[in-house]
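Now for the letters of each chain:
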Amino acid sequence: EAIKLDSEYGPAYRIRGELYLLADAARVPNKFQLARDDLQKYVSLANSDLKARIRYASFLFLTEDYEEMLGELDAIAAEGENTRDEASAWNGLQ
């Protein structure tokens, strides 16, 4: 409902993506792709916020997409080295 009211409201995509991840596979056979689509939309609407990207990387781990997860974490780390604020945030999450 929130997405219908405001298609630019990122947290609604995050929540729906997480709900897809928890859904019964028999009822939602393509739940991982639906979850991925919503979480990618959430990250894009969050302007690639560090916490949103780490949440997305966690999702990739849960879905056993290790290669993409490592790529995302490497990108986060590389950007953190170039931006003092993000590097500080990254260290605070460890």
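Residues numbered from 1 in each chain as written. Predicted model: local features only at pLDDT ≥ 70, side-chain atom pairs only at ≥ 80, totals over all residues. Heavy atoms only, no water.

Colleague: If you had to explain unusual backbone geometry to someone new, which residues and values would you point to?
Modeller: Peptide bonds are mostly trans, and most non-glycine residues show a negative phi. Phi is positive for Glu 64, close to 60 degrees, though the residue is something other than glycine. Here Glu 64 lies in the loop between helix H4 (50-62) and helix H5 (66-82). (Helix = DSSP H or I, 4+ residues; strand = E, 2+ residues; numbered from the N terminus.)

Colleague: How would you explain the packing of aromatic side chains if you had to name every residue and give the values?
Modeller: As enumerated under the stated definition, the model contains two aromatic pairs in all. Between Tyr 56 and Phe 59, the aromatic rings sit 6.1 Å apart at their centres with planes inclined by 25 degrees, giving stacked as the arrangement. Of this pair, Tyr 56 and Phe 59 both sit in helix H4, three residues apart, which is roughly one turn of the helix. Cation over ring: Arg 14 sits above Tyr 42, and NZ or CZ is 5.9 Å from the ring centre. Sitting over the face of the ring of Tyr 13, Lys 41 holds its NZ or CZ atom 5.8 Å from the ring centroid. (Phe/Tyr/Trp six-rings, centres within 6.5 Å; stacked < 30°, edge-to-face > 60°. Lys NZ or Arg CZ within 6 Å of the ring centre and 35° of its normal.)

Colleague: Account for the packing of helix H3 (residues 31-45) against H4, naming residues and giving values.
Modeller: Think of two packed helices as two axes; the pair is described by the angle between the axes and how far apart they sit. Where H3 meets H4, the axes come as close as 9 Å, and the angle between the chain directions of the two elements is 165 degrees. Put simply, H3 runs roughly antiparallel to H4. Judged by the sense of rotation from one axis to the other, the crossing of H3 with H4 is left-handed. Residue-level contacts link Phe 32, Ala 35, Arg 36, Leu 39, Gln 40, Tyr 42 and Val 43 of H3 to Ala 52, Arg 53, Arg 55, Tyr 56, Phe 59 and Leu 60 of H4. Taken together, the residues of the contact of H3 with H4 break down into nine nonpolar, one polar and three charged. (Axes fitted to C-alpha atoms, helices over the stretch in contact; angles between N-to-C directions. Parallel < 35°, antiparallel > 145°, perpendicular 65-115°, else oblique. Left-handed = near helix turned anticlockwise from the far one by under 90°. Contact = heavy atoms within 4.5 Å. Nonpolar A, V, L, I, M, F, W, Y, C, P; charged D, E, K, R; others polar.)

Colleague: I'd like a description of a nonpolar patch on the surface, backed by residues and values.
Modeller: A cluster of nonpolar side chains, namely Ile 15, Leu 19 and Leu 22, defines an oily patch on the protein surface of about 330 Å² accessible area. You can see Leu 22 is positioned in helix H2 (residues 10-22). (Patch = residues over 30% accessible without salt bridge, like charges linked within 9 Å, V, L, I, M, F, W, Y side chains within 5 Å. Areas by Shrake-Rupley, 256 points an atom, 1.4 Å probe, with all protein chains shown as cover. Salt bridge = Lys/Arg side-chain N within 4 Å of Asp/Glu carboxyl O.)

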